[in-house]
Amino acid sequence: MIDRNQSDTCQCVVNFTLEQQFPKDVFFYYMLENFYQNHRMFVISRDDGQLRGNVDKTPSPRCHPFDYVHRDNLTLPIAPCGLIANAIFNDTFELYQQQTPVPLIGGASVWPHERRLKFRNPPGDLRQALANFSRPPSWSRELWELDEQNPDNNGFQNEDLINWMRPAALPTFRKQHRRVDHSIPPFEDGIPGGSYTLHIRYNYPVASFGGRKSIILSSPSWMGARNPFMGYLFLTVGALKMILSCIICTVLYFYK
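As the structure is a computational prediction, the values presented were derived from the model and not from experiment.

(A) Examining the overall build of the chain more closely. Regarding its fold elements, the chain presents 7 helices and 12 strands. Counted over contacts in the chain with a minimum sequence separation of 6, partners at least 24 positions apart contribute 78%. The centroid of the 26 positive side-chain charges in the chain is displaced by 9 Å from the centroid of its 24 negative side-chain charges.

Quick look at the structure:
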C-alpha cells in the first residue's frame, strides 16, 4: 500500500514481498479513498458530444470553469473539458522483480462499445483537429500524447481516460490501470512470489481532500475480479428475500 500526502511531483520507491505466486491473468489497479467522484457537480461537468469527437461546437456550459483557458492573449476551448477530465489520475508506475522489469501493458479494460459509441476521436489527424484547443490545466501531456507507444490509444479513446470518466459510486474505489503481459518470460504463468520493487512517479495530490492512494495486484477468479463486496451484497439480499418469502407464505397459510 502507498500512502503519500504531498502535492509536488516526486519519485517514490516501495519494496514489498509476494508470499506466493499470482496465477495469470494478473491485473494492476490503483485505488483512491475519500474521493467523491459521484458528486453531482463533478459527474455532470463534462461534454459528451465533445467526447464523441464533435469538436466543432463550443464546450458545454456544464464544463465551467474548465471550459476555456486564457493564454497568450487567446481564449482557447479545453478538450476534454470539465472537472472530471481535469482531475484524471496521472501517477505512473514501473514494477521490478529484483532487477527484472515486470511488463505492465494497457488494454482489455474498456468495453468495445465504449470506444465505438461513447468515446470517439474526430476524423483526420488528431493533432491538427485539436490545434485550436488547450489541454486541461492539470494535464502535463497533450491529448494526442497520452500513449506514445500505442498511437491507437490516444485522444478521447485513451483507455485511462475512459476508465476515469466512469464515475465511481462510492468514495473508495479502484480502477484497472494495467495488466501483466504474460507472453514475456518469466511471467508466462503469472508473477512468482518473491521480492518486488515498485517505482512511482508521484503526480496526483491527495492531501487536499484527505485521501489515500493504494495499488492492488489481483488475479481474477472464475467469477471475475476478487472483490468480496458484491458477493456479500448478493448473499445478504438473497437471505433477506428467503426470510421475507417464508414470512409471506406463513401469513398466507394461517390467515388466508
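(B) Structural detail: empty space enclosed by the protein. Summed over all chains, the structure comprises 2 cavities of 30 Å³ or more. What the second largest cavity holds in volume is close to 30 Å³. Forming the walls of the second largest cavity are Ala 79, Leu 130, Phe 133, Ser 134, Arg 135, Glu 142, Leu 143 and Trp 144. Counted by class, the lining of the second largest cavity contains 5 nonpolar, 1 polar and 2 charged residues.

(C) How the structure looks around the environment of Asp 72. Within the secondary structure layout, Asp 72 lies in the loop between β4 (68-71) and β5 (74-77). For the pair formed by Asp 72 and Pro 220, sequence separation is 148 residues and the distance between their alpha carbons is 50 Å.

(D) Region of interest: the sheet that holds strand β6 (residues 92-97). In spatial order, the strands read β1-β11-β6-β7; together these 4 strands make up an open sheet with antiparallel pairing. In this open sheet, the two strands that pair with only one neighbour each are β1 (10-18) and β7 (100-102). Strand-to-strand, the axes of this sheet are offset by a mean angle of 30°, without reference to chain direction. Across 3 bridges, the pairing between β6 and β7 is antiparallel. For Leu 95, the partnering residue across the bridge sits in β7 and is Val 102.

(E) Representation of the pairing of β4 in the model. Note that β4 and β5 share 4 bridges and pair antiparallel. Note that in β5 the partner of Tyr 68 across the bridge is Pro 77. Where β4 hands over to β5, the hairpin turn is made up of 2 residues, of which Asp 72 adopts a positive phi near 55°.

(F) Up close: the packing of aromatic side chains. All told, the structure shown has 12 aromatic pairs when counted by the stated rule. Centroid distance Phe 16 to Tyr 196: 5.8 Å. Interplanar angle 15°. Geometry classified as stacked. In this pair, Phe 16 is assigned in strand β1 and Tyr 196 in strand β11 (residues 194-202), connecting sequence segments 180 residues apart. Using a relative accessible area of 1% as the deciding quantity, one classes Tyr 196 as buried. The interplanar angle of 55° and the centroid separation of 5.2 Å between the aromatic rings of Phe 28 and Phe 93 together place this pair among those described as tilted. A residue pair is termed long-range when its members are at least 10 positions apart, and Phe 28 in strand β3 (residues 27-33) and Phe 93 in strand β6 qualify at 65 residues. Residue classification places Phe 28 among the buried positions, given a relative accessible area of 1%. Taken together through their ring pairs, the aromatic side chains of Phe 28, Tyr 30, Phe 35, Phe 42, Phe 89, Phe 93, Trp 164, Phe 173, Tyr 204 and Phe 209 make up a single cluster.

Cut-offs used in this document
- Residues numbered from 1 in each chain as written.
- Predicted model: local features only at pLDDT ≥ 70, side-chain atom pairs only at ≥ 80, totals over all residues.
- Heavy atoms only, no water.
- Helix = DSSP H or I, 4+ residues; strand = E, 2+ residues; numbered from the N terminus.
- Contact = heavy atoms within 4.5 Å.
- Lys, Arg positive; Asp, Glu negative; His and termini not counted.
- Charge placed at Lys NZ, Arg CZ, Asp CG, Glu CD.
- 1 Å grid on protein atoms, 1.4 Å probe; cavity = no way out; pocket = protein on both sides within 12 Å on 5 of 7 lines; lining within 4 Å.
- Points joined across faces, edges and corners; volume = space filled by probe spheres on them.
- Nonpolar A, V, L, I, M, F, W, Y, C, P; charged D, E, K, R; others polar.
- Pairing = 2+ DSSP bridges.
- Axes fitted to C-alpha atoms, helices over the stretch in contact; angles between N-to-C directions.
- Phe/Tyr/Trp six-rings, centres within 6.5 Å; stacked < 30°, edge-to-face > 60°.
- Buried < 20%, exposed > 50% of the residue type's maximum accessible area, 1.4 Å probe, protein only.

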